[in-house]
Amino acid sequence: MAQKPSIPKGTRDFLPLEMGRRNYIFNTIKKIFQLYGYLPIETPAMENLSTLTGKYGEEGDRLLFKILNSGDYLKKTNDFDFKEGNSNKLTSLISEKGLRYDLTVPFARFVVQHRNDIVFPFKRYQIQPVWRADKPQKGRYREFFQCDVDAIGTTSLLNELELIQIMDDVFDTLKINVEIKINNRKILSGIAEIIGFPDKIIDITIAIDKLDKIGLENVNAELLSKGISEKAIEQLQPVLNLSGTNSDKILKLKKMFSDFNSETGLKGVNEIETIFEYLENIKIKSDVTLDLTLARGLDYYTGAIFEVKAKDAKIGSICGGGRYDNLTGIFGLKDVSGVGISFGADRIYDVLEQLNAFPDYAVSSTKIMFVNFGDKEEKYCIPLLAKIRKAGINAEIYPEQAKMKKQMNYANKKNVPYVVLVGENEMKQNILSVKNMDNGEQKSISVEELIDMVK
RNA sequence: GUGGAUGUAGCUCAGUUGGUUAGAGCACCGGAUUGUGGUUCCGGGGGUCGAGGGUUCGAGUCCCUUCUUCCACCCCA
C-alpha cells in the first residue's frame with residue numbers, strides 16, 4: 001500500500017530555486033567571515049548527551065533531540081525504572097547521544113579536545129544545521145542552519161568590535177536594515193547585586209527581556225511573582241526607564257554603579273564604553289544601541305551580549321551571541337574566554353523573502369542544450385559537448401530521442417538560453433543550428449563561434 | 001509543555017439545512033504540429049475528502065479520538 005510521503009514536523013525540503021537563494025546567503029556570510037580571518041570547521045550532527053545536557057538551561061534540555069541507543073536499548077533498564085516514572089533517569093539509560101542544539105557548545109568541546117592542534121587565539125566559523133524539539137511556528141523550525149563565528153582564547157574587546165563589523169557587513173551586503181542591540185551580562189549582574197538579589201539574576205534578566213513585549217507593569221508583576229521584593233523592583237525602575245543616547249546611558253550607569261560601589265557593574269559599563277569608542281572611528285551602517293533589556297536566555301554568557309533584529313520584517317532575532325568566559329571549563333580547560341555570534345540563515349531567508357530582496361542572481365544552470373535527434377546525431381554531439389564543457393560552459397544533451405516539442409519544452413522550463421540543433425544537414429555542413437530561446441532567433445555557426453558567443 | 005485555528009487532486013481552493021457518480025483553475029500526459037519551446041484550441045489520467053472510530057436509511061458535511069500544518073504563550077536563530 002502506498003503511503004503518503006511526509007517529513008518530520010518542523011523540517012523542510014529545499015527545491016533548486018530555494019537552494020540558489022540559500023547558497024546566496026551562505027556564500028555572502030562565508031565570504032565575510034573569511035575576510036576577518038576566520039577559518040572553517042565542522043563537527044558531527046550528534047554529540048554525546050553528556051556534552052549537551054545542562055548547558056542550555058532547563059528549557060534547553062527539554063528541547064534536545066535524543067537518539068535511542070542502538071541494539072536492545074532497554075537492556076539497561078528494569079521494571080522499577082518504568083514504575084518510578086522518572087523520565088530523566090530513564091532517558092540516561094536508553095539514550096547516550098543527542099543531536100546538537102547549537103554550534104557553540106560543540107565548539108567548546110572541539111577546542112578542548114583539539115587544543116594542541118589549533119592556534120590560539122582561535123578564530124573559526126561553522127555553518128551547519130542544528131536541531132531543537134521546539135514547537136514549530138513562524139520563523140521557528142526543528143532543523144535549521146546556524147552560521148557561527150567565534151574567537152576563543154582572547155579577552156580582547158577588539159573581537160567584540162570585529163563581530164559588530166561582521167554583523168554590519170553581512171546585513172549591509174544582504175540589504176537588510178537592522179538594529180544591532182548590545183548589552184553586557186556584567187551590567188545585569190551589577191544591577192541584580194545593587195538591588196540585593198544577586199542570585200535572581202536569571203529571573204531578573206528573563207523578566208526585563210520582555211519589557212518591549214509585555215510592558216513595564218507586567219514586567220514588574222513578573223518580578224514580584226519571582227520573589228523580588230517591592231523595594232528592589234522600585235530600585236530597578238530607573239534602569240528600566242533608562243533612555244537617551246548610548247553615551248547618556250553609559251554615563252548614568254557609570255554614576256549608578258560607582259554610587260553603589262558595584263565593581264562588576266562598573267566593569268561591564270567600561271567594556272561597553274570601550275566598544276563604543278572603537279566604533280567611533282569606523283563607519284557602521286546599522287544602528288548600534290545599548291539596550292539594557294536585552295538579556296538572552298543562554299546561561300553561559302558572561303560579558304557582551306548581542307542581538308540583531310530586522311527593522312522591516314516581523315520575525316524574531318536573526319542573529320545573536322555574546323561572550324562566554326568559561327564554556328571550555330566544563331570540559332577541563334580553564335581560563336579560556338571566547339566570544340561569538342550566530343546568524344540564523346533560515347530566518348534571514350524568511351526576511352529576504354518578505355522584503356522581496358533576493359537579487360536576480362544568475363542561476364548557474366545549463367547554458368546550452370543539444371537536442372537529441374537520434375543515434376548518429378548523439379555520437380556526433382558528444383565530442384562537441386565535451387569541447388564546450390572544457391571551455392567552462394554548462395551544457396547538456398537531452399538524454400532521450402524524444403519529440404522535438406518535449407525537448408524544447410524541457411529547455412524552456414529549465415531556462416536554457418541556447419538550444420543547439422544538429423541533424424543530418426548540420427552534420428554534412430559541419431555547422432550548428434543555434435536557437436536563442438529569448439527571442440527565437442536561429443543562426444548557423446561553428447562550435448568555436450558558439451563558445452565565444454556564450455562565454 | 002499550554003491554548004486557538006486548519007486539513008478536499010501534485011499545488012491553490014469551491015462543495016447548499018446531511019441526499020445521485022465530489023468539482024474548478026494551475027500543473028502533468030496526449031493530439032492539432034514526425035526539425036522548433038514559451039501563446040492558443042481539443043482530449044486524457046488522476047481523490048481512502050488527513051487517519052481511526054461513532055451517530056444516521058444515507059457523512060466531504062454532525063460528534064469523539066489522533067495526527068499534520070499554521071498562529072499565540074513559553075523559549076529561541
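Up top is the structure.
In this report, the structure presented in the accompanying data block is examined. Keep in mind that this is a model prediction, so the values were computed, not measured.

**With respect to a nonpolar patch on the surface**
- Residues Leu68, Tyr73 and Leu74 make up a contiguous nonpolar surface patch of roughly 250 Å² in combined accessible area.
- Looking at the element boundaries, Leu74 is found in the loop between strand S3 (66–68) and helix H4 (79–84).

**Details of the pairing of strand S11 (residues 338–344)**
- Within S11, 7 of the 7 residues are buried, which leaves the element mostly enclosed by the surrounding structure.
- Burial of S11 is two-sided: the residues Gly338, Gly340, Ser342 and Gly344 facing one way and the residues Val339, Ile341 and Phe343 facing the other way are all buried.
- Across 7 bridges, the pairing between strand S6 (residues 143–152) and S11 is antiparallel. Residue pairing across strands places Asp148 opposite Ser342, the latter belonging to S11.

**Focus: the nonpolar core**
- Ranked by internal contacts, the top residues of the largest apolar core, which has 100 residues, are Phe171, Phe343 and Ile348.
- Considering every element that reaches this core, the biggest residue donor is helix H7 (residues 158–173), with 7 residues.
- Residue contributions to this core reach at least three from each of two domains, namely domain 1 (10–176 + 335–360) and domain 2 (178–311).
- Dropping the residues within four chain positions of it, Phe171 is found in contact with Ile176, Val178, Val308, Ile318, Cys319, Phe343 and Ile348.

**Looking at the sheet that holds strand S10 (residues 319–324)**
- Strand order in the open sheet formed by 8 strands is S1-S5-S6-S11-S10-S9-S7-S8, with mixed pairing between adjacent strands. Each having just a single partner strand, strand S1 (39–40) and strand S8 (287–290) make up the two edges of the open sheet.

Parameters at a glance
- Residues numbered from 1 in each chain as written.
- Chains lettered and ligands numbered in written order.
- Predicted model: local features only at pLDDT ≥ 70, side-chain atom pairs only at ≥ 80, totals over all residues.
- Heavy atoms only, no water.
- Patch = residues over 30% accessible without salt bridge, like charges linked within 9 Å, V, L, I, M, F, W, Y side chains within 5 Å.
- Areas by Shrake-Rupley, 256 points an atom, 1.4 Å probe, with all protein chains shown as cover.
- Salt bridge = Lys/Arg side-chain N within 4 Å of Asp/Glu carboxyl O.
- Helix = DSSP H or I, 4+ residues; strand = E, 2+ residues; numbered from the N terminus.
- Buried < 20%, exposed > 50% of the residue type's maximum accessible area, 1.4 Å probe, protein only.
- Pairing = 2+ DSSP bridges.
- Core = buried A, V, L, I, M, F, W, Y, C linked by side-chain atoms within 4.5 Å.
- Domains from an automatic or database assignment.
- Contact = heavy atoms within 4.5 Å.

Geometric descriptors of this kind do not, in isolation, establish any biological role.
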